[in-house]
Amino acid sequence: MNVPINQRQISRAVERDGIRVNGYMKAFVRYWYVILVATVAGAGVTWAVTPENLAAQPQPVASYTATATLLVGYPVQDPTETPAEPMSMARVELFVTSGDVPKNAAKVLGSTEAPAVLAAKMTVNGDSEADALTISNTDGDAATAELRANTFADEAVKYFKKNQSRSTPRLTVLQRATAIPNMAGNAVVLPPSRALRAAMGGILGLLLGFSLALLLANLDSRLRTREEVYAAMRTPVVAEVPKLKRVARKRREITVLTAPLSPYSDSYRGVRSAILHMPSGVISGDWTPKRSVQDATVEVPTTRAVLITSGHASDGKTTSVANLAASFAETGLTVLVLDADVRKPDMHLMFDVPQGSGLSDFVESRGQASIASLIRPTKVPGVSMITAGSTLEHPETLPARLGPIIEQARGLADIVLVDAAPILAANDVFDLLPLVDTVLLVVRSGRLSEASGARIAELLGRFQVSVTGIMLIAPPRRRNEGRGYGYGYGYGEAKDKSEAARFGKGRGPARVRSEMVVPTSPRTEAAAPPAAAAPVEPPAEPFLTEGLEEPSSRVSEKQQA
């Protein structure tokens, strides 16, 4: 009978096996240090514990065996009498291990054990061809083993002498019992070479390390790499932002301004390009990590209002919003930042803007306040913001009433960035999702578990919102990547070392602000307060000006078209 082969089942099986093997390899690569430590520890312990010359080492004594040998003789029969059949050797053994012999031996030994128990410890073997009988006893003490064997031999001789008949044998002690030590044997035969034994220990440690790596990988389901994030959330990672130094984080630096040629700034520019030019995706299907890639991308209209959120707090969301706003401003677009994370409003600290009146005050005034009066200039040219506000007694009720602000903000800037609360920490994001054009997720490497990532994908899939992608913060650096983090080259390899250091490292926000010339759209000029109209000094060098004028002109041509 021919069974048809299902090609789909075969492909699924192959894919499943490939994923399983890939998971094993990731576990081994991630926990390579555990495997290395286990291997070295196994080899080192084996080298230290086992002696150099195994044969010269004295073997420990496990027990002692004492054996008494007796001769079995039969009396000469009178030929005139009827011949009697002699007692068999099996019956002789039976008389030695049961009956009067064990009882008398127990009395002589003064044993507290029952005679039957004492007899069970004896080994009696008869040899019919040699007419010999051996009585053995094994014990941890040599004297005890000798005493028991000799006592049973003596009592057996006495018993058969007392009950002498024509068919009964006569026993004679040929050799009294002497204890012989029994050496403790090894269950595993070890090689004589010490180096070879250490290699065997290293192999055992290697196998143990592999097991520990798989165990740790199953217990730790945190998402670290781009592949893991995509596999769990089925959403593309549009940029990987390197880990920022602690000093820069404490100073709340906007690296796009302070270090415009650094890999950090390039990562945020990659996110900017994804928002401006890449089609966003609407997560659909069964809202699980196994939904198909074909269902995960649907083109949406051009983005203007972008909501930025993260899975948990302290994932780098606020820093990412500030740098993303600065990268948009480099292209000549006007940016308006809304600090909608009313539970933890920290955006004003990144832009050096006092808190003052903001979103909460507009909501409390029920639309009587003017949104133009809430807009404040920032230290980044072309970027303005509206703070969270001063009346934050009930922050959980504010996001649901921010619709009018976001709608009016669309006409005041080219790009509106909404800094929202973490999606897994508060319900605020879900009130803002219907009000924006697309969502950008910020995920810090090693902070989000696989289950949490699948939960975020499910929530966004149920709301059917457009998702630009994921910005992965501080991913593990790979060995095959260049100094430019993710590229085959870095700015540090420029021919002119002094110029590379000058522009790559930066010398503070003040210098970069003086060199940046960002044209302002008429909408921002009308909405911004008079303080925002401060004159901007011309750039000292034409290098940055040429790099910024070209995208600005392209944007102006797009707007005119």
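All values reported here derive from a predicted model rather than from experimental measurement. (Residues numbered from 1 in each chain as written. Predicted model: local features only at pLDDT ≥ 70, side-chain atom pairs only at ≥ 80, totals over all residues. Heavy atoms only, no water.)

Caption draft 1: Quick look at the environment of Glu52. In this fold, Glu52 is placed in the loop between helix H2 (32-49) and strand E1 (61-73). Judged by its relative accessible area of 60%, Glu52 is exposed. C-alpha separation for the pair Glu52 and Ser193, spaced 141 residues apart in sequence, amounts to 7.4 Å. If we ignore the near neighbours within four places in the chain, the residues touching Glu52 are Pro192, Arg194 and Arg197. (Helix = DSSP H or I, 4+ residues; strand = E, 2+ residues; numbered from the N terminus. Buried < 20%, exposed > 50% of the residue type's maximum accessible area, 1.4 Å probe, protein only. Contact = heavy atoms within 4.5 Å.)

Caption draft 2: Up close: the pairing of E1. Across 5 bridges, the pairing between E1 and strand E5 (residues 179-183) is antiparallel. Bridging from a neighbouring strand, Ala66 pairs with Ala179 of E5. Two elements, E1 and strand E3 (residues 132-139), share 8 bridges in a ladder whose sense is antiparallel. Bridging across to E3, Thr69 finds its partner in Thr134. The pairing of E1 with strand E4 (residues 170-175) spans 5 bridges and is antiparallel. Each bridged residue has a counterpart across the sheet, and for Val72 the counterpart in E4 is Leu171. (Pairing = 2+ DSSP bridges.)

Caption draft 3: Quick look at the pattern of salt bridges. One pass over the full model with this rule turns up 18 salt bridges. The shortest N-O distance in the salt bridge between Lys121 and Glu113 comes to 2.7 Å. Overall, the relative accessible area of 33% leaves Lys121 in the partly exposed class. We note a salt bridge from Arg269 to Asp266, for which the minimum N-O separation is 3.0 Å. Of this pair, Arg269 and Asp266 both sit in helix H11 (residues 263-277), separated by 3 residues, roughly a single helical turn. For the pair Arg269 and Asp266, one class covers both residues: buried. (Salt bridge = Lys/Arg side-chain N within 4 Å of Asp/Glu carboxyl O.)

Caption draft 4: Molecular detail of a positive patch on the surface. Taken together, the side chains of Lys243, Arg246, Arg249 and Lys250 present a region of like positive charge at the surface. By secondary structure assignment, the location of Arg249 is in helix H9 (residues 246-251). Judged by its relative accessible area of 38%, Arg249 falls in the partly exposed class. (Patch = residues over 30% accessible without salt bridge, like charges linked within 9 Å, V, L, I, M, F, W, Y side chains within 5 Å. Areas by Shrake-Rupley, 256 points an atom, 1.4 Å probe, with all protein chains shown as cover. Lys, Arg positive; Asp, Glu negative; His and termini not counted. Charge placed at Lys NZ, Arg CZ, Asp CG, Glu CD.)

Caption draft 5: Representation of the packing of H2 against helix H7 (residues 194-219). Taken N-terminus to C-terminus, the directions of H2 and H7 make an angle of 150°; their axes are 6 Å apart at the nearest point. Taken as axis vectors, H2 and H7 run roughly antiparallel relative to one another. In the crossing of H2 with H7, the sense of the turn from one axis to the other is right-handed. For the contact of H2 with H7, the residue count by class is 13 nonpolar, 7 polar and 2 charged. (Axes fitted to C-alpha atoms, helices over the stretch in contact; angles between N-to-C directions. Parallel < 35°, antiparallel > 145°, perpendicular 65-115°, else oblique. Left-handed = near helix turned anticlockwise from the far one by under 90°. Nonpolar A, V, L, I, M, F, W, Y, C, P; charged D, E, K, R; others polar.)

Spatial relationships are all this shows, so hold off on functional conclusions.
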